[in-house]
Amino acid sequence: MALGDRAMGLSDLLSEEQQEQLTDLAEGGTGEKRNRKDAEDQSKPFPETAWTGLFATWREIVVPSTEAAPENLWSMFLVAVGLMLGRNVWAILPREIYPNFFVLLTGRTGDPRKSTALELLKQTLKRIGEDQDVEVLTGLVSTEGLFEALAKTERKRALVFSDEFRSLLCIAKGRKATQDLLPKLNSLYSCPDFDSINRKERSTRIVEPFVSLVTATAREYVEDLLGNLDVVGGMLNRFIIVEGKTQPPKPFAKFPSPEHWGKLTGPLCKVRDYWKANPSCLEFDSRAHDLWGEWYIAWKKERDELDPKRRDLTARTSEHVLKISLVYSALAQEREISARSLITGIKIGEWLEGNVLRAFEDVGLDSFSKAEKLILSKIRSKGRLFRRVLQQAAGARGINARMFGDVLKTLHENGHIKITGDKALSGQKTILVEYVADNT
């Protein structure tokens, strides 16, 4: 049962003030009721500037055809355009950067409409004639299978799709023969000039591969498989983490008509043909050059204040910004990365950075530490809470009564909170939990 539903069901048990506190926690709180938001709720809206040019055309065509979150659909078009461009456009800062993307859709199981979003991506490639040249690999089970597909031709482009991120992790962390899958994917993310796998029976060599990857998961579904090594090793920060709200039910949604597709595919083909005929390294124009310098320095300074885990999770934000800006400039057939495209890339990159922190900053924490962090965050956000309300909010997040009591005791003993009694109008004693500000 959702926290909001629980709040509605407690009207006969809680005082008016307690009901107000519980409802405020359920709805996230606004204005004066919420001075400090929980880290997990500090979600900024997806930047409207992302929907420009052909991205705006894409939204117009596909958003009405599915219940999938618009943000998820945006990421599918980003991947499709990157695969269409391949190695024909790139940037150098400091190494060559290509428009391939690793995308992880997060959210509740079943909500993201993953299959529909992927089908729209594949339909886009098909309708611009790229489906024969782009290898779509579903149900990836081995490094050999991946490399054999990429070895068919030089500069082979491939889309790896794993319906569930957990399955990909299980394969990569399971049999000894597949334990090099994640390291190889990490390497392919950088679009190396060549790579190979060496086995006793035979070796497979690939030349100038171009690989994008799309997968999805509910956050809690992979927590037991992720550890600090996945953060420190840089696997998670290669992904752009996309989480959006599923659209309202559409019982009669239909895929776009051929006429609608034509509004998109004609301009896309012109863009593709232009860069095939004019493969280019895109540098910053003068305004974008100054903007990048200012933003990058500020971003680096902010990172100095982050804890090591947050630094590792966000280590590639600047690279994501550059890749996204590259795509927007390429779609506009700009010979340089413009300030307009870079501003769009920066806004999206900062949104993505918030997503990865909300989704995975608790990787490696045990259940008690996660409960402690959540409960303290709730108390801090309100200043003080009725114990009963706080326990109800914690219960809605899967924290049972015993762990709740142990966490409260630990927080009290360590001086983070104080617990006091108060009397309601009925004369019944209630317990208040108050946050103790750190004045050190």
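Residues numbered from 1 in each chain as written. Predicted model: local features only at pLDDT ≥ 70, side-chain atom pairs only at ≥ 80, totals over all residues. Heavy atoms only, no water.

**Notes on the environment of Leu137**
Rules: Numbering goes from the N terminus for both helices and strands, where a helix is a DSSP run of H or I of at least four residues and a strand is a run of E of at least two. Here's how the labels work: a residue is buried when its accessible area is under 20% of the maximum for its type, exposed when over 50%, partly exposed in between, all with a 1.4 Å probe on protein chains only. In this analysis, two residues are considered to be in contact whenever any of their non-hydrogen atoms come within 4.5 Å of each other.
The residue Leu137 is located in strand E4 (residues 134-138) in this model. With a relative accessible area of 13%, Leu137 lands in the buried category. Contact partners of Leu137, with chain neighbours within four places excluded, come to Leu146, Ala149, Ala158, Leu159, Val160 and Phe161.

**Thoughts on the sheet that holds strand E2 (residues 96-97)**
Test applied: A strand pair is defined by DSSP finding two or more bridges across the two strands. Convention adopted: a line fitted to C-alpha atoms gives each axis, helices being fitted over their contacting stretch, and angles between N-to-C directions are expressed from 0 to 180 degrees.
Overall, mixed pairing links the three strands, which are arranged E2-E1-E10 in an open sheet. Each of the sheet's edge strands pairs with one partner strand only, and the pair in question is E2 and strand E10 (280-281). Note: strand E1 (residues 89-92) against E2, two bridges, orientation antiparallel. Bridge pairing links Ile92 to Glu96 in E2. Across the sheet, helix H13 (residues 317-331) touches E1 and E2, and the angle it forms with E1 is around 140°.

**A word on the sheet that holds strand E8 (residues 210-217)**
If you walk across this open sheet you meet the five strands as E4-E5-E8-E3-E9, and the pairing is parallel. Each edge of the sheet is formed by a strand with only one pairing partner; in this case those strands are E4 and strand E9 (239-242). Each adjacent strand pair in this sheet contributes to an overall mean axis angle of 15°, direction not counted. As paired elements, E4 and strand E5 (residues 157-162) share five bridges and run parallel to each other.

**Describing the nonpolar core**
Basically, it comes down to this: Among buried residues, those of type Ala, Val, Leu, Ile, Met, Phe, Trp, Tyr and Cys that are joined through side-chain atoms within 4.5 Å constitute a nonpolar core.
Core analysis: the largest hydrophobic core is formed by 71 residues, its most contacted members being Phe55, Trp58, Trp74, Phe77, Val103, Leu268 and Leu331. Excluding residues that lie within four positions of it along the chain, Leu268 makes contacts with Leu54, Phe77, Val81, Met84, Thr124, Ile128 and Leu331.

**Here we look at the packing of helix H4 (residues 70-85) against helix H10 (residues 258-277)**
Stated formally: Under the convention adopted here, Pro, Cys and the residues Ala, Val, Leu, Ile, Met, Phe, Trp and Tyr are nonpolar, Asp, Glu, Lys and Arg are charged, and Gly plus all remaining residues are polar.
Remark: H4 packs on H10, axes separated minimally by 9 Å, with the N-to-C direction vectors making an angle of 40°. Contact residues: Phe77, Val81, Met84 and Leu85 in H4; Leu264, Leu268, Val271, Arg272 and Trp275 in H10. Here the residues of the contact of H4 with H10 sort into eight nonpolar, no polar and one charged.

**Description of a negative patch on the surface**
Under the convention used in this document: Put simply, a patch holds well-exposed residues, over 30% relative accessible area, that have no salt bridge, with like charges counted together within 9 Å and Val, Leu, Ile, Met, Phe, Trp or Tyr side chains within 5 Å. Surface accessibility in these figures is a Shrake-Rupley result with a 1.4 Å probe; residues are shielded only by whichever protein chains are displayed. Any carboxyl oxygen of Asp or Glu within 4 Å of a side-chain nitrogen of Lys or Arg constitutes a salt bridge here. Only four residue types enter the charge count: Lys and Arg as positive, Asp and Glu as negative, with His and the chain ends excluded. Lys charges are placed at NZ, Arg charges at CZ, Asp charges at CG and Glu charges at CD.
On the surface, Glu302, Asp304, Glu305 and Glu350 cluster together into a negatively charged patch. Take Glu302: it is sitting in helix H11 (residues 286-303).

**Thoughts on the packing of helix H6 (residues 143-150) against helix H8 (residues 181-189)**
Under the convention used in this document: Note on angle classes: values under 35 degrees are labelled roughly parallel, values over 145 roughly antiparallel, values of 65 to 115 roughly perpendicular, and the remainder oblique.
The contact between H6 and H8 brings their axes to 9 Å, and the two run at 30°. With respect to H8, the axis of H6 lies roughly parallel. On the side of H6, the interface is formed by Thr143, Leu146, Phe147 and Leu150, while H8 contributes Leu181, Lys184, Leu185 and Leu188. The residue inventory of the contact of H6 with H8, partitioned by class, reads six nonpolar, one polar and one charged.

**Let's talk about the pairing of strand E7 (residues 203-207)**
Alternating residues of E7 divide into Thr204 and Ile206, all buried, and Ser203, Arg205 and Val207, none buried. Relative to E7, strand E6 (residues 194-198) runs antiparallel, the two sharing five bridges. If you follow Asp195 over to E7, its bridge partner there is Ile206. Taking the residues between adjacent antiparallel strands as the criterion, E6 and E7 are bridged by four residues.

**Notes on the packing of aromatic side chains**
To be explicit about the condition: In this scheme Phe, Tyr and Trp rings, the latter by its six-membered ring, pair at centre separations within 6.5 Å, and the angle between planes marks the pair as stacked below 30 degrees, edge-to-face above 60, and tilted otherwise.
The tally for this structure, following the rule as stated, stands at 17 aromatic pairs. Ring plane angle 70° and centroid distance 5.9 Å describe the contact between Phe46 and Trp51, whose orientation is recorded as edge-to-face. Note on Trp51: relative accessible area 8%, which makes it buried. Note on Tyr296 and Trp299: the rings are 5.7 Å apart at their centroids and 45° apart in plane angle, and the pair reads as tilted. A residue pair is termed a helical-turn pair when its members lie 3 or 4 positions apart in one helix, as Tyr296 and Trp299 do in helix H11 at three residues.

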